[in-house]
Amino acid sequence: MRQIWVTALFAVCFCSCNSFLKEYSQDLARVKTVGDLEELLIGSVYYPAVYITSSDGYTSPVSDENGNYDYSSFNHCVHFMTDELEQNQQTGRGDFGRFEELFGYYTWQRNVGINQKGTKIGKEDDDWQQAYKYINVANMILTELEEIDIYSANEEKSKVRLEGETRFLRALYYFSLVNLYAAPYVPGKAETTPGIPLKLTSYIENKAYERTPVAQIYEQIIDDLERAAECFRESEKTGIYRANTNAVNLLLSRVYLYMQDYVNARKYAQLVIDAKPDLKDLKGLEGRDNVLSSDNPEVIFSMGGDWLTYYIYGTDQTRYQNRYPFYVSDNLIAAYSDDDLRKQIYIQKGENDKYYYKKIYWGRDHWGSVCSVSDNYLFRTSEAYLNLAEAAVFGNDEPKAREVLGQLLAKRFTTPPVVSESGEALIRLIQAERQRELCLEGHRWYDIRRYTVLPEGKGKWNKIITHVWAQYSVDGYDLERVRVFELPPDDNAFTLALPKEVLEFQVSLGYNHREERVPVSEEKVDQEY
């Protein structure tokens, strides 16, 4: 079976860039059992954990038994477009001058692959290709499950469970894609808002693809998740690294929250809390305690590794301060009060006052170990509490919102604050708690996007995000200029433009209107370190 999924990956990795929706393999003759399809699912649909922290403070990709490296980094761009990170303006020096690949994302350029000098545009379709690669394999598995021979009751249970996991993952990837490349869901408008291509078949369709409306993409996501829940009622794997009922319900709660369907968002959040109410009590912990790991009772599901550690400063040793191109932003640090235990546990002050730990970085005592949970696809019960609180306040049940929020804060402060806010102040408090509680887990960009379409007086996003970009000379030692970029509320840049590689071959998809981004101020510098 290993040969099958390797062949499948080979087919997609080397196909032309106009074939992002191409089927994976014409040769399925070797697929004989449910176990064969499960191996394909694990190897080619679950997002792999690929980064490992080494003893010198760097991270590097994990290689397979043949020495091949997996550099996949799907969805990592969301970390760099928010107000959670700032550029380390010392990183033009030495080893880490190669962070230019993030310039287009960090400064919200129309072409995210553009270099900092504006002289060339690199690859822009990595996230797009990666997601559709996983989706295509999922489509193939679902098709083959209909034809596979079953020889025992256990195999039948495995078949049903496998369908559930596959549908959950397909829903998750479509949810990521529609929130990267389509405008936020607006009730009453989503039916006509251009979304992304929707493909559910495993065979080649010789046609020009079009973008399915956002509402229809969400409908498919919900259909997949509801069917996954049915499957898991019959059979599911235990452990946080496989899709499960609680993960399905939490994702359904999130999906409905993005749709502003607060009745269903509350329903599914409550199902998660009823089944798994666990919250980690931060009282008595120290800054070096590894709070977010596979041992944390809050963790429901994790997929992928701690890829962000490759780019963010994560050690208190001053000798490493110039190697990491980003650090936790002053904006995020200021979001915590001094008596908030998360300011000591989730982020932490290092020897240099400007640099902080990332909360799931394992730290100096744990170098040489792969982080046990993801910084991107990490599902925790704390999100269910926040989803429920938000759904309750928008459903005109403020007492329930205050109650649930208080339950979370009781585990985050030595002496928890009294939640007494109401109206928009309560909505803003819940939004602020999402920023503090779910920081650097991939939620912030998506949350800000959906806040931009909330009604006035109901938590609508009204801030300007500011990013400063320092540009260095080729040798990395001379600072040449510093530019300031801003992302105002309601800007079109909250939606990525479709990748240029895709549009070159699929002009039928149309365009997202994302303006050219110019700095609001610029200073040329003649400075040597």
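The model shown is predicted, which means the values in this text are computed figures rather than measured ones.

**A few points about the packing of aromatic side chains**
So, point 1. A full pass over the atoms with the stated rule returns 21 aromatic pairs.
So, point 2. Where Tyr-47 meets Tyr-134, the ring centres are 6.3 Å apart and the plane angle is 65°; that geometry is what we call edge-to-face. Of this pair, Tyr-47 sits in the loop between α2 (34–44) and β1 (51–53) while Tyr-134 sits in helix α4 (residues 126–147); the two residues are 87 residues apart in sequence, bridging distant segments of the chain. There is no split in this pair, since Tyr-47 and Tyr-134 are both buried.
So, point 3. Considering the side-chain rings of Tyr-256 and Tyr-268, the 5.9 Å spacing of their centres and the 10° angle between planes classify their relative orientation as stacked. With Tyr-256 in helix α7 (residues 245–258) and Tyr-268 in helix α8 (residues 262–275), this residue pair connects regions lying 12 residues apart in the sequence. With respect to burial, Tyr-256 and Tyr-268 carry one shared label: buried.
So, point 4. In this structure an aromatic cluster arises from ring pairing among Phe-80, Phe-103, Tyr-106, Phe-326, Trp-469 and Phe-485.

**Notes on a negative patch on the surface**
So, point 1. On the surface, Glu-191, Glu-219, Asp-223 and Glu-226 cluster together into a patch of negative charge.
So, point 2. Among the structural elements, Glu-219 can be located in helix α6 (residues 214–234).

**Notes on empty space enclosed by the protein**
So, point 1. If you walk through the whole model with that rule in mind, you get 5 cavities of 30 Å³ or more.
So, point 2. In this structure, the largest cavity encloses a volume near 110 Å³.
So, point 3. Lining of the largest cavity is provided by 13 residues; of these, Arg-254, Asn-376, Tyr-377, Gly-442 and Tyr-446 occupy positions nearest its centre.
So, point 4. Element by element, the count of residues in the lining of the largest cavity is highest for helix α5 (residues 153–181), at 3 residues.
So, point 5. Grouping the constituent residues of the lining of the largest cavity by class yields 6 nonpolar, 5 polar and 2 charged.

What counts, and at which threshold
- Residues numbered from 1 in each chain as written.
- Predicted model: local features only at pLDDT ≥ 70, side-chain atom pairs only at ≥ 80, totals over all residues.
- Heavy atoms only, no water.
- Phe/Tyr/Trp six-rings, centres within 6.5 Å; stacked < 30°, edge-to-face > 60°.
- Helix = DSSP H or I, 4+ residues; strand = E, 2+ residues; numbered from the N terminus.
- Buried < 20%, exposed > 50% of the residue type's maximum accessible area, 1.4 Å probe, protein only.
- Patch = residues over 30% accessible without salt bridge, like charges linked within 9 Å, V, L, I, M, F, W, Y side chains within 5 Å.
- Areas by Shrake-Rupley, 256 points an atom, 1.4 Å probe, with all protein chains shown as cover.
- Salt bridge = Lys/Arg side-chain N within 4 Å of Asp/Glu carboxyl O.
- Lys, Arg positive; Asp, Glu negative; His and termini not counted.
- Charge placed at Lys NZ, Arg CZ, Asp CG, Glu CD.
- 1 Å grid on protein atoms, 1.4 Å probe; cavity = no way out; pocket = protein on both sides within 12 Å on 5 of 7 lines; lining within 4 Å.
- Points joined across faces, edges and corners; volume = space filled by probe spheres on them.
- Nonpolar A, V, L, I, M, F, W, Y, C, P; charged D, E, K, R; others polar.

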